[in-house]
Amino acid sequence: MTKAMTGAKMVVQALRDQGVDVVFGYPGGAVLPIYDEIFQQNAIRHILVRHEQGAVHAAEGYARATGKPGVVLVTSGPGATNAVTGITDALMDSIPIVVLTGQVPTFMIGSDAFQEADTVGITRPCTKHNWLVKDTANLSATIHEAFHVATAGRPGPVLVDIPKDVQFASAEYQPKAKAKTARYQPRVKGDPEMIERLVEAIETAERPVFYTGGGVINSGPAASQLLRELVDATGIPITSTLMGLGAYPASGRNWLGMLGMHGLYEANLSMHGCDLMVNVGARFDDRITGRIDAFSPRSRKAHIDIDPSSINKVVHTDMPILGDVAHVLEDVLNLWKARGRKVNREGLQRWWAQIEDWKKTDCLKFKPSEGSIKPQHALARLEALTKGRDRYICTEVGQHQMWAAQYLGFEDPNRWMTSGGLGTMGYGFPASIGVQVAHPSALVVNVAGEASWLMNMQEMGTAVQYRLPVKQFILNNERLGMVRQWQELLHGERYSHSWSEALPDFVKLAEAFGAKGIKCDDPADLDDAIMEMIDHDGPVIFDCLVEKHENCFPMIPSGEPHNKMLLGEASTKDAIKAGGAVLV
């Protein structure tokens, strides 16, 4: 039997029915009725962030670390507009979040009222779907539908805009079971004929490679397990995008490492030279493909994706398979087994011999420095000292992000949180807060650059208030590192506004917030300093002073194919002289 309640109470009840245990938010006038209901219950925990963008990134981190949708509650006008960057980030990276925004009363909409903004209009391009609820009778059903849309098919952000008078008015509550979800039921089973064609291609290919992305992780634990079984059973090499790290273990015998602009030499050359490319849950984005007409020119291509708009959007594929990754991989694996577990063993043997030869290049090798800390060394030591722990890694965006992807290994999905598609500086710190809320006893480290970290530094207050022991591992080169690198390579070393000339003392900043600060600039002290960070039972800002002009290699210059990688300073200078480095 349905029960009459206020719209504000409906919101809280709907969240409880959806299994929500935490909400990230910031109060304001247009959502005070909802906050009053939150105050009067204990089932849902509220985390008070210091900025609405931080709320969304924290919800993203929570969602990626748990597989559950993250929930955000913010007020109207600037509260909603401050959330837009995070919402767009979630859309690009297919992260399920539900954003609840307050709105001015319905009779004032369109009157330029105090803190009014056209939230639905502003967020239409950066959400899977959004709703403006003008009738309290529709509110609970709309929230339930929002959760369904956020998590079904390709995950993503949704937004429900709730006017203040709708929160005060009363109506009958509609339980989750009555939610209208039938109109959005994405296809999950792949076309059997296409799956059979893919299995035939796997059986005969001489130089196959699995190219995997975040869609494997978004599909759930079963997808990663099925992928591992298929890769290990066939003996086919596997590489991954930035977003897909951890779906296949870094210690796995078929692992090639990450591919793309700053991917490994052997991974990129395998993509360029393969005769069968099996794309599993990736979207052929430009950081991976380089120049489209030179992208893996001699391969047949299969693409498994649940989003029909991703199929043939960027790269034409020979075997498009629309469906959920887990369902499709299960069918592929079962059919391949039923047909006799066949592969082209002679071809694969030659292919692996070629790959092992490429690996001898050792593209991540760097020359250590006794007088200063190289960023690669800092991350190699972080990996060595945290490997095997219950560890989650977040990053900001820039050189440090790429080095983290290169030097840190991930054995399981949902352990790596980074901003891929939008490349949002300021993402990592609040995301690490969301991860720590989800896994309070785990080691959560945010690998940051000093410039990115400063963009949402105010969230240190959140970490201290809720006693969240997040570790901020800042590779401080006093530069906008990736910007400076591109200016060096492509803009004649004209460093236009890429130096940070007024940085804070990070140790004093940590202490000002009530946290611990650690500073290290000597390689000989690095291990002890990292262990001090790990062993501290509260939040830490670790200021790791690294070489200022270190560049991130390997690197594929924008617009170049995978076989024109720059492996270091010498190859870079030669390419520039020959005109090989191309501006975006």
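Residues numbered from 1 in each chain as written. Predicted model: local features only at pLDDT ≥ 70, side-chain atom pairs only at ≥ 80, totals over all residues. Heavy atoms only, no water.

Student: Would you explain the overall build of the protein chain in this entry?
Tutor: A count of helical and extended segments in the protein chain gives 24 helices and 20 strands. The C-alpha atoms of the protein chain give 25 Å as radius of gyration, which agrees with the globular expectation for 584 residues (25 Å, within 12%). Intrachain contacts of the protein chain at a sequence separation of at least 6 include 76% that bridge at least 24 residues. Summing over all exposed atoms, the protein chain offers an accessible surface of approximately 22,700 Å²; the carbon and sulfur share of this is 51%. When the 57 basic and 67 acidic side-chain charges of the protein chain are each reduced to a single mean position, those positions are 4 Å apart. (Helix = DSSP H or I, 4+ residues; strand = E, 2+ residues; numbered from the N terminus. Rg over C-alpha atoms; globule rule 2.2 N^0.38 Å. Contact = heavy atoms within 4.5 Å. Areas by Shrake-Rupley, 256 points an atom, 1.4 Å probe, with all protein chains shown as cover. Lys, Arg positive; Asp, Glu negative; His and termini not counted. Charge placed at Lys NZ, Arg CZ, Asp CG, Glu CD.)

Student: Explain the pattern of salt bridges here, please?
Tutor: All chains considered together, the criterion is met by 21 salt bridges. Here aspartate 527 and arginine 381 are joined by a salt bridge, their closest N and O atoms 2.8 Å apart. Of this pair, aspartate 527 sits in helix H23 (residues 526–535) while arginine 381 sits in helix H16 (residues 375–386), and the two are 146 residues apart along the sequence. Classification of aspartate 527 by relative accessible area gives partly exposed; the value is 26%. (Salt bridge = Lys/Arg side-chain N within 4 Å of Asp/Glu carboxyl O. Buried < 20%, exposed > 50% of the residue type's maximum accessible area, 1.4 Å probe, protein only.)

Student: Teacher, can you tell me more about the environment of alanine 384 here?
Tutor: Mapped onto the secondary structure, alanine 384 falls in helix H16. Residue class for alanine 384 comes out partly exposed when judged on its relative accessible area of 44%. Along the chain, alanine 384 and histidine 491 lie 107 residues apart, while their C-alpha atoms are 37 Å from each other.

Student: Help me understand the nonpolar core, please; the structure alone is not making it clear to me.
Tutor: Nonpolar side chains tend to gather and get buried jointly when the protein is soluble and globular. Grouped together as the largest cluster of nonpolar side chains are 101 residues, with contacts concentrated most on Phe473 and Phe542. No fewer than three residues from each of domain 2 (192–359) and domain 3 (375–545) sit in this core. Dropping the residues within four chain positions of it, phenylalanine 473 is found in contact with Ala378, Leu379, Leu382, Val445, Asn446, Val447, Ala448, Ile530, Met533 and Phe542. (Core = buried A, V, L, I, M, F, W, Y, C linked by side-chain atoms within 4.5 Å. Domains from an automatic or database assignment.)

Student: How should the confidence of the model for the protein chain be read in this particular structure?
Tutor: Do not read the predicted coordinates in detail wherever pLDDT is low. Per-residue confidence for the protein chain gives a mean pLDDT of 95, with 97% of residues at or over 70. Note that residues 578–584 has pLDDT below 50 and, in this model, 15 contacts with residues that lie over four places away or in other chains. (pLDDT = per-residue confidence, 0-100.)

Student: Mind showing me how you'd approach the packing of aromatic side chains here?
Tutor: Both the distance between ring centres and the angle between the ring planes are used here to describe each pair of aromatic rings. Under the definition given, this model contains eleven aromatic pairs. Plain terms: the ring middles of phenylalanine 366 and tyrosine 407 are 6.0 Å apart, the flat faces sit at 80 degrees to each other, and that makes the pair edge-to-face. Here the residue phenylalanine 366 occupies a position in the loop between helix H15 (345–359) and H16, and tyrosine 407 occupies one in helix H17 (residues 399–407), the gap between them amounting to 41 residues. The partly exposed category is assigned to phenylalanine 366, whose relative accessible area is 21%. Given a relative accessible area of 15%, tyrosine 407 falls into the buried group. (Phe/Tyr/Trp six-rings, centres within 6.5 Å; stacked < 30°, edge-to-face > 60°.)

Student: Would you take a moment to explain H16 for this structure?
Tutor: In an α-helix there are 3.6 residues to a turn, and that puts residues three or four apart on one side. Under the 1.5 Å per step criterion, the end-to-end length of H16 is 16 Å for twelve residues, consistent within 8% with the ideal 16 Å. Turning to H16, its buried residues are Pro375, Gln376, Ala378, Leu379, Leu382, Glu383, Leu385 and Thr386. In this structure, the buried residues of H16 make contact with strand E15 (391–395), H17, strand E17 (443–449), strand E18 (471–476), H23 and strand E20 (540–545). Count one or two residues on from H16 and you reach glycine 388, which has phi positive near 90 degrees. (Expected span 1.5 Å × (residues − 1).)

Student: Even after reading the chapter, I still don't get the UniProt feature "domain: Thiamine pyrophosphate enzyme central" (unreviewed entry) in the protein chain, so can you show me in this structure?
Tutor: UniProt's feature table lists "domain: Thiamine pyrophosphate enzyme central" (unreviewed entry) at residues 195–331, given in the numbering used throughout. Split by type, residues 195–331 is 36% helix and 20% strand. Its first and last C-alpha atoms lie 7 Å apart. (UniProt positions renumbered as here; feature names shortened; annotations may be inferred.)

Student: Quick question: what am I supposed to make of the packing of helix H12 (residues 265–273) against H15 here?
Tutor: Packed helix pairs are specified by the crossing angle of their axes together with the interaxial distance, meaning the distance between the axes. One way to put it is that H12 packs onto H15 with a least axis distance of 8 Å and a crossing angle of 140 degrees. As H12 runs across H15, the sense of the crossing is right-handed. Contact with H12, carried on its side by Tyr265, Glu266, Leu269, Ser270 and Gly273, involves Trp351, Ile355, Trp358 and Lys359 of H15 and no other residues of that element. Of the residues contributing to the contact of H12 with H15, the split by class is five nonpolar, two polar and two charged. (Axes fitted to C-alpha atoms, helices over the stretch in contact; angles between N-to-C directions. Left-handed = near helix turned anticlockwise from the far one by under 90°. Nonpolar A, V, L, I, M, F, W, Y, C, P; charged D, E, K, R; others polar.)

Student: How do you make sense of the UniProt feature "domain: Thiamine pyrophosphate enzyme TPP-binding" (unreviewed entry) in the protein chain when you look at a structure like this?
Tutor: According to UniProt, the feature "domain: Thiamine pyrophosphate enzyme TPP-binding" (unreviewed entry) maps to residues 397–544 in the numbering used here. Across residues 397–544 one finds 40% helix and 17% strand; the C-alpha atoms that close the span lie 17 Å apart.

Student: So what exactly am I meant to see when it comes to the sheet that holds strand E5 (residues 97–103) here?
Tutor: Neighbouring strands of a sheet are bound in pairs by backbone hydrogen bonds; such pairs are parallel or else antiparallel. Pairing within the open sheet is parallel, and its six strands lie in the order E3-E2-E4-E5-E7-E6. If you trace the sheet from one side to the other, it starts and ends with strand E3 (45–48) and strand E6 (129–132), each paired once. The average angle at which neighbouring strand axes cross in this sheet is 20 degrees, direction not considered. As judged from the three bridges shared by strand E2 (residues 22–26) and strand E4 (residues 70–74), these two strands associate in the parallel manner. Paired with glycine 25 across the two strands is leucine 73, which belongs to E4. Relative to E4, helix H2 (residues 32–39) is tilted by about 125 degrees, and along the sheet it contacts E2, E3, E4 and strand E7 (157–163). (Pairing = 2+ DSSP bridges.)

Student: Explain the packing of H16 against H23 here, please?
Tutor: Running from N to C, H16 and H23 cross one another at 55 degrees; their axes reach a closest spacing of 10 Å. Looking at the two axes, H16 sits oblique to H23. Here H16 runs over H23; the crossing is right-handed. For the pair H16 and H23, contact is made by His377, Ala378, Arg381, Leu382, Leu385 and Thr386 and by Leu526, Asp527, Ile530, Met531, Met533 and Ile534, respectively. (Parallel < 35°, antiparallel > 145°, perpendicular 65-115°, else oblique.)

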